[in-house]
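Coordinate inspection notes
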Amino acid sequence: MTEPAKATKTPIVISKVGIIGAGQMGSGIAHVCALAGFDVVISDISEEQLKKSIGAIEKNMARQVNKGFVSESDKNAALGRIKTGTGYSLLGDRDLVVEAVIENPELKVDAFKRLDAIVRSGDAGAALNQAILTEGRPLGDAFFGVDNTLLSRALTAKVFAR
């Protein structure tokens, strides 16, 4: 019996996550990522929306503390891992960027065009951005999970080598 082929590629380590869009979805994704230990940046065109997003995340985490799901120290550490801003340049060093823009096709394509300008060339992200721009529509699957305190969506892109 022959041994299976060994993987030749090094897995990507994700420690820094960027989120485009500070609405309900973007806030939920930031909440989950920060509690999981990721360094999070939320980018939105509105400073006011970013403030609302942080307020919602603080409120939802406080609810989790009150229910005993999260400790106060874990909540504080998670909140300390979240940064916000209005520019796309904040996303340049992210290992993963999740698009959570409102459901407007033009805005979504614009978001990917802006990302394409800052993503390091040769990255899988650059290849994915090109695929999205070429196809004219986002690629991937949206997954929804609802509990009493959180609605979140993760966009999982499918990129296959030929």
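Relevant structure appears above.
Residues numbered from 1 in each chain as written. Predicted model: local features only at pLDDT ≥ 70, side-chain atom pairs only at ≥ 80, totals over all residues. Heavy atoms only, no water.

1. Notes on helix 4 (residues 105–118)
Two residues of an α-helix separated by three or four positions point the same way, owing to the 3.6 residues in each turn. With 14 residues, helix 4 should cover 20 Å at 1.5 Å per step; its first-to-last C-alpha distance of 21 Å lies within 8% of that length. Within helix 4, the full set of buried residues consists of Lys108, Ala111, Phe112 and Leu115. Axial view of helix 4: buried residues confined to an arc of 95 degrees, hence all on one face. Residues of helix 4 that are exposed and point over 90 degrees away from its buried face: Glu106, Lys113 and Ala117. (Helix = DSSP H or I, 4+ residues; strand = E, 2+ residues; numbered from the N terminus. Expected span 1.5 Å × (residues − 1). Buried < 20%, exposed > 50% of the residue type's maximum accessible area, 1.4 Å probe, protein only. Arc of directions from axis to C-beta.)

2. A few points about the layout of surface pockets
Looking at the second largest pocket, its volume works out to about 440 Å³. Forming the walls of the second largest pocket are 24 residues, and the residues nearest its centre are Gly21, Asp44, Ala100, Val101 and Ile102. Elements with a contribution of two residues or more to the lining of the second largest pocket: helix 1 (24–35) and helix 4. (1 Å grid on protein atoms, 1.4 Å probe; cavity = no way out; pocket = protein on both sides within 12 Å on 5 of 7 lines; lining within 4 Å. Points joined across faces, edges and corners; volume = space filled by probe spheres on them.)

3. A few points about the sheet that holds strand 4 (residues 96–99)
Taken together, the 4 strands give an open sheet; going across it, the order is 3-2-1-4, and neighbouring strands pair in parallel fashion. Pairing within the sheet leaves two strands with one partner each, and these edge strands are strand 3 (82–85) and strand 4. Put simply, the sheet's adjacent strands are angled 20 degrees from each other on average, direction ignored. Both strand 1 (residues 16–20) and strand 4 contribute to a ladder of 4 bridges, which runs parallel. In the strand pairing of strand 4, Ile19 is matched with Val98. (Pairing = 2+ DSSP bridges. Axes fitted to C-alpha atoms, helices over the stretch in contact; angles between N-to-C directions.)

4. Let's talk about the nonpolar core
With 16 residues, the main nonpolar core has Ile19, Val40 and Ile42 as its most contacted residues. Looking at this core, the elements with two or more residues in it are strand 1, helix 1, strand 2 (39–43) and helix 2 (47–66). The greatest single-element share of this core, amounting to 4 residues, is contributed by helix 1. Beyond its immediate chain neighbours, meaning those up to four positions away, Val40 contacts Val17, Ile19, Ala30, Cys33, Ala34, Arg81, Ile82, Lys83 and Arg94. Ranked by size, the runner-up nonpolar core spans 8 residues in total, among them Tyr88, Val101, Ala111 and Phe112. (Core = buried A, V, L, I, M, F, W, Y, C linked by side-chain atoms within 4.5 Å. Contact = heavy atoms within 4.5 Å.)

5. A short note on the pattern of salt bridges
Within the structure shown, the criterion is met by 6 salt bridges. Lys16 is the salt-bridge partner of Asp93, the closest N and O atoms lying 3.8 Å from each other. Remark: Lys16 occurs in strand 1 and Asp93 occurs in the loop between strand 3 and strand 4; sequence separation between them is 77 residues. Under the relative-accessibility criterion, Asp93 is labelled partly exposed at 35%. One salt bridge connects Glu48 with Lys52, and the closest N-O pair in it is separated by 3.7 Å. Taken together, the residues Glu48 and Lys52, both in helix 2 and 4 residues apart, mark about one turn of the helix. (Salt bridge = Lys/Arg side-chain N within 4 Å of Asp/Glu carboxyl O.)

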